[in-house]
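Each chain, letter by letter, is given below.
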Amino acid sequence: MIYGSLYNPRFGRGLSPVLANILNTVRQYDLPGLALGRHEIDGDRVFMNVMELVTEPAESKRAEIHQEYLDIQILIGGEERIDYGLPGSWDSDDPYDASKDLQMLDIKRSPQTLNLTPGMYVIFFPLEPHKPGCQVRGAKSIKKVVVKVHYELLL
């Protein structure tokens, strides 16, 4: 997991060249003006999903993991809490859905919390459990981008 801000003057330093390039590409978009839905950057290898949602209590949500794609979650507007854990810190009876690259689960050991404000991003690698869309201070409408990056781009 990597946590940062698109507004950091030293943005991209320390990131792999692939991730720095993808984030620099995303920064070129008018993020607040982006239409909802999927926007391709490099076909199925790199694409973004723009969404609006209302945050919910963390206790009412489940976490997720992915096996094929990294998630770069970027908050555009509002405030959002994301709970996360380390690989192997979760339990699930739900099967992995390969067509959605998604498994729903519960973080059981040492859950952690991040609070995002506009311009902040967090990168979750495959098998890192995360629970986005949680409330910070009550239910809030948010707009965010989730950039999906196929893990093979980092090999």
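Conventions adopted
- Residues numbered from 1 in each chain as written.
- Predicted model: local features only at pLDDT ≥ 70, side-chain atom pairs only at ≥ 80, totals over all residues.
- Heavy atoms only, no water.
- Helix = DSSP H or I, 4+ residues; strand = E, 2+ residues; numbered from the N terminus.
- Contact = heavy atoms within 4.5 Å.
- Core = buried A, V, L, I, M, F, W, Y, C linked by side-chain atoms within 4.5 Å.
- Buried < 20%, exposed > 50% of the residue type's maximum accessible area, 1.4 Å probe, protein only.
- Salt bridge = Lys/Arg side-chain N within 4 Å of Asp/Glu carboxyl O.

As recorded in an unreviewed UniProt entry, the protein goes by YhcH/YjgK/YiaL family protein and comes from Serratia oryzae.

Draft legend 1. The environment of proline 32, seen in detail. Along the chain, the position of proline 32 falls in the loop between helix H1 (17–27) and strand E2 (37–42). Here the alpha-carbon distance between proline 32 and valine 136, two residues 104 residues apart in the chain, equals 21 Å. With residues near it in sequence (within four places) discarded, proline 32 still touches Ile76 and Lys143.

Draft legend 2. Summary view of the nonpolar core. Within the largest apolar cluster, 23 residues are counted, with the highest numbers of intra-cluster contacts made by Leu23, Ile72, Ile74, Tyr121, Val145 and Val147. The set of elements that each furnish at least two residues to this core consists of H1, strand E3 (46–54), strand E5 (69–77), strand E10 (120–124) and strand E12 (141–150). Broken down by element, the residue count for this core peaks at five residues, all from H1. Residues contacting isoleucine 72, with those up to four places away along its chain left out, are Leu19, Ile22, Leu23, Tyr121, Val122, Ile123, Val145, Val146, Val147 and Val149. By size, the runner-up hydrophobic cluster in this structure holds nine residues, among which are Leu75, Met120, Val122 and Ile142.

Draft legend 3. Geometry of the pattern of salt bridges. For the coordinates displayed, the defined rule picks out nine salt bridges. Across the pair glutamate 80 and lysine 144 runs a salt bridge whose closest N-O atoms are separated by 2.7 Å. Of this pair, glutamate 80 sits in strand E6 (residues 80–84) while lysine 144 sits in strand E12, placing them 64 residues apart in sequence. The burial state of glutamate 80 is the same as that of lysine 144; both residues are buried. The closest approach of N and O atoms between aspartate 83 and arginine 81, which form a salt bridge, is 2.7 Å. Taking relative accessible area as the criterion, aspartate 83 reaches 7% and is therefore assigned buried. Ionic contacts of the salt-bridge type, sharing partners, join the residues Arg38, Glu40 and Asp44 into one network.

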